[in-house]
Amino acid sequence: MAQNSETIEILNDLILINNDRIAGYEKTEAETNKLENDLRSMFSNLAEQSRANVLDLKSYVTRLGGEPATGTMLSGKLYRVWMDIRATFTFDNRLAVLENAEIGEDAAKKAYEEAMQSDNLPADIRQLLLSQFTAIQSAYNTIKTDRNRQRDVSKYPLTT
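Anyway, here's the lowdown on the structure attached to this text. (Residues numbered from 1 in each chain as written. Predicted model: local features only at pLDDT ≥ 70, side-chain atom pairs only at ≥ 80, totals over all residues. Heavy atoms only, no water.)

## A look at the pattern of salt bridges
So, point 1. Counted by the stated rule, this structure contains ten salt bridges.
So, point 2. With its nearest N and O atoms 2.6 Å apart, the salt bridge here joins R94 to E36. Here the residue R94 occupies a position in helix 4 (residues 93-116), and E36 occupies one in the loop between helix 1 (2-31) and helix 2 (37-63), the gap between them amounting to 58 residues. Both residues of the pair, R94 and E36, belong to the buried class.
So, point 3. For R94, the salt bridge is made with D38, and the minimal N-O distance between the two is 2.5 Å. (Salt bridge = Lys/Arg side-chain N within 4 Å of Asp/Glu carboxyl O. Helix = DSSP H or I, 4+ residues; strand = E, 2+ residues; numbered from the N terminus. Buried < 20%, exposed > 50% of the residue type's maximum accessible area, 1.4 Å probe, protein only.)

Okay, structure coming up:
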């Protein structure tokens, strides 16, 4: 039973991380300039990815006899406040948004890496976490590439 308790705790932590991703991306999507449809689409897709993650994680928590977590982490709430402050005072909003998203994805990656270090995870749960981690890693890589491209544009703007 202790193994189930540890696994439930790990899964519930990941539910909260994904809830943070959902809240962060919904907020960012709503505040992103309407002309930046590529970012709005990406953030919408990433929020949807996290919703699917949460459903899968909740299913396992319930199967193990646990109560799925709800809400977000305090650190996620504080991070979204920081995003608001930073976006307000940053001239290049696109760069700031991408940098904030990168930081958020990095936190999600670390949470999954820590979760997968547990020796007590059943094989099916480990496989689920690996699959979700791979998708988060891919999102991180995309955001980082876009962020690097935006830094280059900001550093060397086109002039006429």
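That was the structure; now back to the text.
## Some thoughts on a negative patch on the surface
So, point 1. Taken together, E6, E9, D13 and D119 make up a surface patch of like negative charges.
So, point 2. Within the secondary structure, E6 is located in helix 1.
So, point 3. Looking at E6, the relative accessible area reads 31%, which means it is partly exposed. (Patch = residues over 30% accessible without salt bridge, like charges linked within 9 Å, V, L, I, M, F, W, Y side chains within 5 Å. Areas by Shrake-Rupley, 256 points an atom, 1.4 Å probe, with all protein chains shown as cover. Lys, Arg positive; Asp, Glu negative; His and termini not counted. Charge placed at Lys NZ, Arg CZ, Asp CG, Glu CD.)

## Side note on the environment of L14
So, point 1. As for its position among the elements, L14 is in helix 1.
So, point 2. In sequence terms L14 and A111 are 97 residues apart; their C-alpha atoms lie 7.0 Å from each other.
So, point 3. For L14, the contacting residues outside a window of four places in its chain are L57, A111, Y112, A115 and L129. (Contact = heavy atoms within 4.5 Å.)

## A look at the nonpolar core
So, point 1. Counting 25 residues, the largest nonpolar core has L11, L14, I15, L57, Y112, I125 and L129 as its most contacted members.
So, point 2. Of all the secondary structure elements, the ones that give two or more residues to this core are helix 1, helix 2, helix 4 and helix 5 (123-155).
So, point 3. Looking at this core, the element that brings in the most residues is helix 1, giving eight residues.
So, point 4. What I15 contacts, discounting residues up to four positions off in sequence, is V54, L57, K58, V61, P68 and A69. (Core = buried A, V, L, I, M, F, W, Y, C linked by side-chain atoms within 4.5 Å.)

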